[in-house]
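Overview (structure and organization)
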Protein chains: 4
Amino acid sequence: MSDNSFGKLFSFTSFGESHGAGIGCIVDNVPPRLPLSEAIIQPYLDRRKPGQNRFVTQRREDDEVEILSGVFEGQTTGTPVAMLIRNKDQRSKDYGEIARQYRPGHADYTYQEKYGIRDYRGGGRSSARETAVRVAAGAIADQLLKAALGPSYRVRGGVVQIGPHAIDRDRLDWDEVDNNPFFCPDPVAAQEWEAYLDGVRKEGSSAGAILEIVADGIPVGLGQPIYGKLDSDLAAAMMTINAVKGVEIGGGFALSAMDGREAGDEMRTGPDGPEFLSNNNGGVLGGISTGQQLVVRIAIKPTSSILTPRQSINVDGEEVDVVTKGRHDPCVGIRGVPVAEAMMAITLADALMRHRAQCGLLD
Amino acid sequence: MSDNSFGKLFSFTSFGESHGAGIGCIVDNVPPRLPLSEAIIQPYLDRRKPGQNRFVTQRREDDEVEILSGVFEGQTTGTPVAMLIRNKDQRSKDYGEIARQYRPGHADYTYQEKYGIRDYRGGGRSSARETAVRVAAGAIADQLLKAALGPSYRVRGGVVQIGPHAIDRDRLDWDEVDNNPFFCPDPVAAQEWEAYLDGVRKEGSSAGAILEIVADGIPVGLGQPIYGKLDSDLAAAMMTINAVKGVEIGGGFALSAMDGREAGDEMRTGPDGPEFLSNNNGGVLGGISTGQQLVVRIAIKPTSSILTPRQSINVDGEEVDVVTKGRHDPCVGIRGVPVAEAMMAITLADALMRHRAQCGLLD
Amino acid sequence: MSDNSFGKLFSFTSFGESHGAGIGCIVDNVPPRLPLSEAIIQPYLDRRKPGQNRFVTQRREDDEVEILSGVFEGQTTGTPVAMLIRNKDQRSKDYGEIARQYRPGHADYTYQEKYGIRDYRGGGRSSARETAVRVAAGAIADQLLKAALGPSYRVRGGVVQIGPHAIDRDRLDWDEVDNNPFFCPDPVAAQEWEAYLDGVRKEGSSAGAILEIVADGIPVGLGQPIYGKLDSDLAAAMMTINAVKGVEIGGGFALSAMDGREAGDEMRTGPDGPEFLSNNNGGVLGGISTGQQLVVRIAIKPTSSILTPRQSINVDGEEVDVVTKGRHDPCVGIRGVPVAEAMMAITLADALMRHRAQCGLLD
Amino acid sequence: MSDNSFGKLFSFTSFGESHGAGIGCIVDNVPPRLPLSEAIIQPYLDRRKPGQNRFVTQRREDDEVEILSGVFEGQTTGTPVAMLIRNKDQRSKDYGEIARQYRPGHADYTYQEKYGIRDYRGGGRSSARETAVRVAAGAIADQLLKAALGPSYRVRGGVVQIGPHAIDRDRLDWDEVDNNPFFCPDPVAAQEWEAYLDGVRKEGSSAGAILEIVADGIPVGLGQPIYGKLDSDLAAAMMTINAVKGVEIGGGFALSAMDGREAGDEMRTGPDGPEFLSNNNGGVLGGISTGQQLVVRIAIKPTSSILTPRQSINVDGEEVDVVTKGRHDPCVGIRGVPVAEAMMAITLADALMRHRAQCGLLD
């Protein structure tokens, strides 16, 4: 019952703090003979890397991953794959104030109250830095899914709203996400966001975002009802990401207002078998994948670390004003994209293994 | 890794199909010496019972629970509490069509494809009937939390939107939920919904809903970061409920559009200790409860079983039109309230036990 | 983390007390389309049934199993299989003394101290009655293994020692176990035990036993190192059986005294592939099955319930003499055979599913 | 369901191969504010360190542990404690033969057959080198138990038999284990073993051993029946240790031959409460600790790596003779003592947390 593990068959256990020796994870139950190396994993990490443009934190992290075990001569051996990313950019500084103050919207207060102690340096365990580990684990999941499902499989995602500014879905083109600093699938919106976020930053504020992650090439049958439903596992996965406050599958909250005659996705027989005429259910029915595109959206709150002074208290219960200086993302949602993609891939790899374990045994 | 279990310390495992011998569950790791009996559990089940008004299915289910184990002389013994609810209202009928057709929006197709077999009677395992089991398990969780947290603890919820019609939050009064057939905390909205739902039913359609579940009297510190975050566990719990397509905590999706200067909940020192000036985070920071009211909202899609004919296919891949006759809720969301309350209580009981297990050990 | 569950993929969760409403279990993750019915399971239970001869308890239990879920038209559906065995033979009696006394060698004292409450009727949860549930779950595991591994697969076992009287291994013939009331694979020893056990009973005492369980037709590769080793899982499984105080694999404790040149099982190439020249390791190397016969032995202590008065204390700490009247097995080890076979089958079914889940995914 | 994890609440996940980058683990759910540092853990590792005398492998391993996370200013923070031990002594050599041959009694054959690939260098994952990780995790468990149970708590163990030579139990003195190179609690036996083991080594052979591990100061109540029994968990723990082929609790196999009138441990009331007149059950009744000394014995087979040529096959199925050169322990059992102590401490820490989680909640 490790609280720092995710997944049941394809499972990983994470460790590490923002300013400790390093972060890392152990990925267990990886099938043997899967090609794997640091060179395969590193590009996934590079996508998430901070310091790449002015809209994400300027903290420099090389995020160089070292595989410590489980790989031999370029292939997984079936034994646990441990990975380590050393923390390099630990500016020595006086943490005096941060050590004693609770930043509004952060986990400072809850960690202190829960544990009676906290590593306040850079947010410690609650820092988004931990998400690099998921990206590394997600890289293995992604390789596994590619090997198992073939070239039709693909997980990708992007930012579909920043602050109050949503993309125009008529312009949605997933191939656009790599052409702008926002992982935005709408090139026009991306340009608008640039101006908007510059304004937000100048005001000493921050912005939230909505991300959409989709998976193609997922076969029908993944997901283990009732308490291992695919959408339940996806929701759990996404809600573990820092600053995520909402998850929806397919039509999500909008479905609540839809007429029952529209909501259910009708079926016909197409040239390649069953076809759905719509995808309001986002590729999941009864907790099991339908074979359609999986569609998940997540809501990310505005970055809590802002320059504008906020009212708070300190560890002695005294009232203070908190100003968070330093290198912070004006919109943490942006760098959440590779993380959410990773959590999707991990959840799917786990679901695939669990499905095959039960339903493939006697075939 | 039972896929039909929920919870890590306070855990329950569920079984049963809509039209089989019965449904039930085993609740494990219940603390000993908790007062428990069928009489304590039954009222929770009665709240969820169908057939109570014209807005929920007219299927008659007595939902009479029998405790099979784990209770001795009115108290739990620390051994597993098994509960059984026999299926009584199993009208014998010819399932010929349903046996071969996939109802749009249902799990018929995905179960058949996943398992190569399905108990099609009444939806089998995917029927909402299974949720009675959660209510029974939730009753134990609720008793446990009352015993552990005292009278300030309370979980309750209601429907805050049906179809496109939301309540007026200025009129929100949780004490109103028992005064109308919709668990609606706004008496005016409840009246409007009556007319609206009658119309929906006459049109042979159905409506979705948004539910809000809140918990009071929750101490700071519950939730186990990173992969046992309280909000992640709550999201997983809610997403296992039939027809749920979205979950949000506190401000949820609306937070994405909020200014960073508004979003973070500021703190002051009040007469009884730390106080938050707002609750955009819904009582969770960094995956740990803040001591504020916990606020969760879930989106429920319109009932898939409707009288209006829908296009679909059958098990042989032939195109068919499906009309779902019989006793179905025009809005399944309504009866979801006691179920969502139960999942909230179960998640909290589990979080409380996990927190105390780790952080209370050396105190 | 249900403490009343066993197995990771093929898993079951057990409930019930000796004199409560009934005992039962939920078996989860059973592959779909496995033929199953009460008629298939009942013969396994009948083997374990008490009251069949004078060497086992005369308590009459029909142990009639009812499948509550997970089976449709004679096949498993992939949903949880719940099974219930009602307690029928509950003689109403005054439990006054037993309710207050701790029987030496029983769990009375530890249950009371642990939980602060106990269902003392017939030993409650600690009664060997619970083992009927394992036999029912083991029946499903056995069916699964037969379907997956074919006719070469077989689990069987017997008693190889009662009190100080061991069988002569030169006479070991597994086909003999059904020809005597002791599950003894040596017909000569069986006759000797009859006289011996009659003497033990007349003296108001009881006898211990050693059981041996073997599995044939197990492929190489089952077992998940390091903490899911096949022998570790087998040891855990066997040690959960009432009165078991020791487990050994292959040569076991005798191996400790063996010369290193004898101990390691040498290999040659035979007509059907690799062959081992001996089986000191009992079919497990590095926690993984070798393809040889699996050999497990377990030590069972003498029945604690005996007519001879024993010194003890009561719940008030007062010193008392305890005489256990009633219908007790002079040697509980005998009826342990079907239980140990069941635990072996369950462990193997789980190991098979776990192995295939990981190592079969990319094949 | 990580197969490389052990423990449910106090849990650790291990990684690493004998000749890879390093070995290590993540210990999760450690209570916060427990004093911890490398300096506290290192002495535990030093006890297990090879190269300390001629009876253990001459491989030089510094086994220097680095804490990567979960500790801040000398105390645990409640977040996962990751530990890394780099592999330093990796002599570069030609593994040509070992890479292709299956050493009798080793896991070479089973790993290759299971995974279709293996890291053959030094035995890879199946090497006893992995046990250093357990000792590090065990150090944390030991610190936790000391903090929770006070000075009466203590786990210790020793070798009570090497080859056919058992200690004289009348001379058993646990304080003697540090006075000889065998962790032998009988100084006379230790001297005899020296001559015996020198002979074994000269013959190119090896010897098995029996270890006994005891725990004092364990309160009544630890252990979670039925499938989390303390003795079941201990058996599982011990059986994961390399070369262990048997486990017994208290009287163990000898109990099978004992008269029922002797076997049950009678009770009286002593000055400090309930007292047992004997400890045949080794401190466990019904899977729950009795408050007596916990007594576990394990059988360890002779080292499989010996100089004497053995018959085997290679990866192509060709028959070969295998001679294992290099630095191997003539009796691996000796260095098993700190490992078995560690597994005992880990199992007890987990049992304590699980017991308190359930039974301490409402107190």
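Figured I'd write up the structure that's included with this text. This is a predicted model, so every value here is computed, not measured.

Reading guide: rules and limits
Sequence order sets the numbering: in each chain, residues are counted from 1 along the sequence as written. For naming, the first written chain is A and the first written ligand is 1, with later ones following in the order written. Confidence filtering applies because this is a predicted model: local features only for residues at pLDDT of at least 70, side-chain atom pairs given and counted only at 80 or more, and all residues used for totals across whole chains, interfaces and linings. As a convention, hydrogens and water are excluded, and side-chain values are obtained from all of the structure's heavy atoms. Put simply, DSSP marks the helices as runs of H or I at least four residues long and the strands as runs of E at least two long, and each gets a number from the N terminus on. Three labels apply to residues, based on accessible area from a 1.4 Å probe with only protein chains included: buried if under 20% of the type maximum, exposed if over 50%, partly exposed otherwise in between. Should any heavy atoms of two residues lie within 4.5 Å, those residues are counted as being in contact. Each accessible area is a Shrake-Rupley result for a 1.4 Å probe, and residues are judged covered by the shown protein chains and nothing else. When charges are counted, neither His nor the chain ends are considered; positive counts come from Lys and Arg and negative counts from Asp and Glu. Just so you know, the charge point we use is NZ for Lys, CZ for Arg, CG for Asp and CD for Glu. By definition, two strands form a pair when at least two bridges between them are found by DSSP. All copies are superposed by least squares; the fitting set is the C-alpha atoms of residues with a pLDDT of at least 70 in both. Only one rule defines a salt bridge in this text: a Lys or Arg side-chain nitrogen within 4 Å of an Asp or Glu carboxyl oxygen. Two parts placed together each lose some accessible area; with a 1.4 Å probe, that loss summed over both constitutes the buried area. Whenever two N or O atoms come within 3.5 Å, that pair is a polar contact, provided that in protein one can donate a hydrogen and the other can accept it, and provided that, for residues adjacent in sequence, both atoms are side-chain atoms. Charged means Asp, Glu, Lys or Arg here, nonpolar means Ala, Val, Leu, Ile, Met, Phe, Trp, Tyr, Cys or Pro, and polar covers whatever is left, Gly included. Note on geometry: axes are lines fitted to C-alpha atoms, helical ones only across the stretch in contact, with angles between N-to-C directions running from 0 to 180 degrees. Pairing of aromatic rings covers Phe, Tyr and the six-membered ring of Trp, with a centre-to-centre limit of 6.5 Å; geometry is then stacked below 30 degrees between planes, edge-to-face above 60, and tilted otherwise. In this scheme, Lys NZ or Arg CZ marks a charge over a ring once it lies within 6 Å of the ring centre and within 35 degrees of the ring normal.

A few words now on the overall build of chain A. Each helix and strand in chain A was counted, giving 8 helices and 18 strands. The dimensions of chain A, computed from C-alpha atoms along their principal axes, are 65 × 50 × 35 Å. Scored against the burial criterion, the 363 residues of chain A give a buried share of 68%. Residue pairs in contact within chain A that sit at least 24 positions apart in sequence constitute 70% of those at least 6 positions apart. Accessible surface, chain A: about 11100 Å² in total, of which carbon and sulfur atoms supply 46%. Of the side-chain charges in chain A, 39 are positive and 49 negative, and the distance between the mean point of each set is 4 Å.

In this section: the pairing of strand 3 (residues 22–28) of chain C. Residue and element names in this part refer to chain C. Counting buried positions over the 7 residues of strand 3 gives 7, a clear majority of the element. Judged by which residues are buried, strand 3 turns out to be covered on both faces: Gly-22, Gly-24, Ile-26 and Asp-28 on one side and Ile-23, Cys-25 and Val-27 on the other are all buried. Once strand 2 (residues 11–16) ends, the chain turns through 5 residues before running back antiparallel as strand 3. With 6 bridges connecting them, strand 3 and strand 7 (residues 81–86) associate as antiparallel partners. Within strand 7, the residue paired with Ile-26 across the bridge is Ala-82.

Least-squares fitting of chain D to chain B yields an RMSD of 0.0 Å, with the superposition described by an axial translation of 0.0 Å and a rotation of 180°. The transformation just described matches what one would write down for a two-fold rotation axis. Closest approach to the rotation axis within chain D is made by the C-alpha atom of D:Ala357, at a distance of 2.3 Å. Interface residue correspondence from chain D to chain B reaches 100%, placing this contact among same-surface, isologous pairings.

Once their charged atoms are close, side chains differing in charge can pair, the charge on each being opposite to the other. The final tally for this structure, using the stated rule, is 108 salt bridges over all chains. Taking the shortest distance from any N to any O, the salt bridge between D:Glu319 and C:Arg268 comes out at 3.1 Å. With one member in each of two chains, D:Glu319 in strand 18 (residues 319–322) and C:Arg268 in strand 12 (residues 267–270) form a pair that bridges those chains. Judged by relative accessible area, C:Arg268 falls into the buried class, the value being 17%.

In this section: the relation of the copies chain B and chain A. Mapping chain B onto chain A calls for a rotation angle of 180° and an axial translation of 0.0 Å; the resulting RMSD is 0.0 Å. When the interface residues of chain B are mapped onto chain A, 100% of them again lie at the interface, so the same face is used by both copies.

Residues and elements named next belong to chain A. In terms of strand pairing, strand 12 (residues 267–270) meets strand 13 (residues 273–276) through 4 bridges, oriented antiparallel. Bridge pairing in strand 13 places Thr-269 opposite Pro-274. Where strand 12 folds back on strand 13, the antiparallel hairpin that results is connected by 2 residues.

Time to look at the environment of D:Gly124. Residue and element names in this part refer to chain D. Tracing the backbone shows Gly-124 in the loop between helix 3 (108–115) and helix 4 (131–149). Taking the C-alpha atoms as reference points, Gly-124 and Val-160, separated by 36 residues in sequence, lie 30 Å from one another. Residue contacts for Gly-124: discarding those within four places in its chain leaves Glu-17, Ser-18 and Asp-119.

If you look at the interface, chain B gives 107 residues, while chain A gives 107 residues. Approximately 8400 Å² of surface area, both sides summed, lies buried where chain B meets chain A, with 57% of it carried by carbon and sulfur atoms. When the area that chain B buries against chain A is broken down by residue, the three leading residues are B:Lys114, B:Tyr227 and B:Lys245, summing to 11%. Linking chain B to chain A there are 77 residue pairs in polar contact (both at pLDDT 80 or more). By residue class, the composition of the side of chain B that touches chain A is 46 nonpolar, 37 polar and 24 charged.

Quick look at the environment of D:Gly223 now. Here D:Gly223 lies in the loop between strand 10 (209–216) and helix 6 (230–239). Placed 125 residues apart in sequence, D:Gly223 and D:Leu348 show a C-alpha to C-alpha distance of 8.6 Å. The contact partners of D:Gly223, leaving out residues within four places of it in the chain, are C:Lys114, D:Gly228, D:Leu230, D:Gly287, D:Ile288 and D:Ala351.

Let us now look at unusual backbone geometry. Here the bond from A:Pro225 into A:Ile226 is cis, since omega is 5°, no more than 30 degrees from zero. A positive phi is found at C:Glu73, a non-glycine position, where the angle reads about 50°. Within the secondary structure, C:Glu73 sits in the loop between strand 5 (71–72) and strand 6 (75–76). Take C:Glu73: its relative accessible area is 64%, and that puts it in the exposed class.

What follows concerns the sheet that holds strand 4 (residues 65–67) of chain D. Residue and element names in this part refer to chain D. The 5 strands lie next to each other as 1-2-3-7-4, forming an open sheet whose pairing is antiparallel. Edge positions in the sheet fall to strand 1 (5–6) and strand 4, since each of these pairs with one other strand and no more. Two elements, strand 1 and strand 2 (residues 11–16), share 2 bridges in a ladder whose sense is antiparallel. Across the sheet, residue Phe-6 finds its bridge partner in strand 2, namely Phe-12. Relative to strand 4, helix 1 (residues 38–48) is tilted by about 150°, and along the sheet it contacts strand 4 and strand 7 (81–86).

The next point concerns the sheet that holds strand 10 of chain D. With respect to topology, 10 strands assemble into an open sheet ordered 9(C)-8(C)-10(C)-16(C)-11(C)-11(D)-16(D)-10(D)-8(D)-9(D), the strand pairing being antiparallel. With partners counted over all chains shown, the strands left at the sheet margins are strand 9 (165–166) of chain C together with strand 9 (165–166) of chain D, one partner each. Contacting strand 11 (244–249) and strand 16 (294–300) of chain C together with strand 11 (244–249) of chain D, helix 6 (residues 230–239) of chain C runs over the sheet at an angle of about 160° to strand 11 of chain C. Docked against the sheet, helix 8 (residues 336–359) of chain C engages strand 8 (154–162), strand 10 (209–216) and strand 16 of chain C, running at close to 35° with respect to strand 10 of chain C.

Contacts between chain D and chain B engage 21 residues on the former and 21 residues on the latter. Roughly 1700 Å² of surface becomes buried between chain D and chain B when both sides are summed, with 67% attributable to carbon and sulfur atoms. It is D:Gln358, D:Leu361 and D:Leu362 in chain D that bury the most area against chain B; as a group they hold 39% of the surface buried on that side. Across the chain D-chain B interface, the total number found is 2 salt bridges. Residue B:Asp363 pairs with D:Arg33 through a salt bridge whose shortest N-O separation is 3.5 Å. For the pair chain D and chain B, the interface holds 5 residue pairs in polar contact (both at pLDDT 80 or more). Among the secondary structure elements, those contributing two or more residues to the side of chain D that touches chain B are helix 4 and helix 8 (336–359) of chain D.

With respect to the helices and strands, the residue B:Thr240 is situated in the loop between helix 6 (230–239) and strand 11 (244–249). Polar contacts involving the side chain of B:Thr240 include one to the main-chain carbonyl oxygen of B:Ala237, which spans 2.6 Å. Here B:Thr240 is in contact with A:Ile226, A:Tyr227, A:Lys229, A:Ser232, B:Arg134 and B:Met343, once residues within four sequence places are set aside.

Here the structure, examined in full by the defined rule, presents 30 aromatic pairs over all chains. On the basis of an interplanar angle of 90° and a centroid distance of 5.2 Å, the ring pair of A:Phe72 and D:Tyr120 is categorised as edge-to-face. Of this pair, A:Phe72 sits in strand 5 (residues 71–72) while D:Tyr120 sits in the loop between helix 3 and helix 4, placing the two residues on different chains. A ring pair is formed by C:Tyr111 and C:Tyr115, whose centres lie 5.7 Å apart and whose planes are at 55°; its orientation type is tilted. Of the two residues, C:Tyr111 and C:Tyr115 both sit in helix 3 (residues 108–115), 4 residues apart, roughly one turn of that helix. Aromatic rings pair up to connect A:Phe6, A:Phe12 and B:Tyr227 into one cluster. Sitting over the ring of C:Tyr115, C:Lys114 keeps its end group 5.6 Å from the ring centre.

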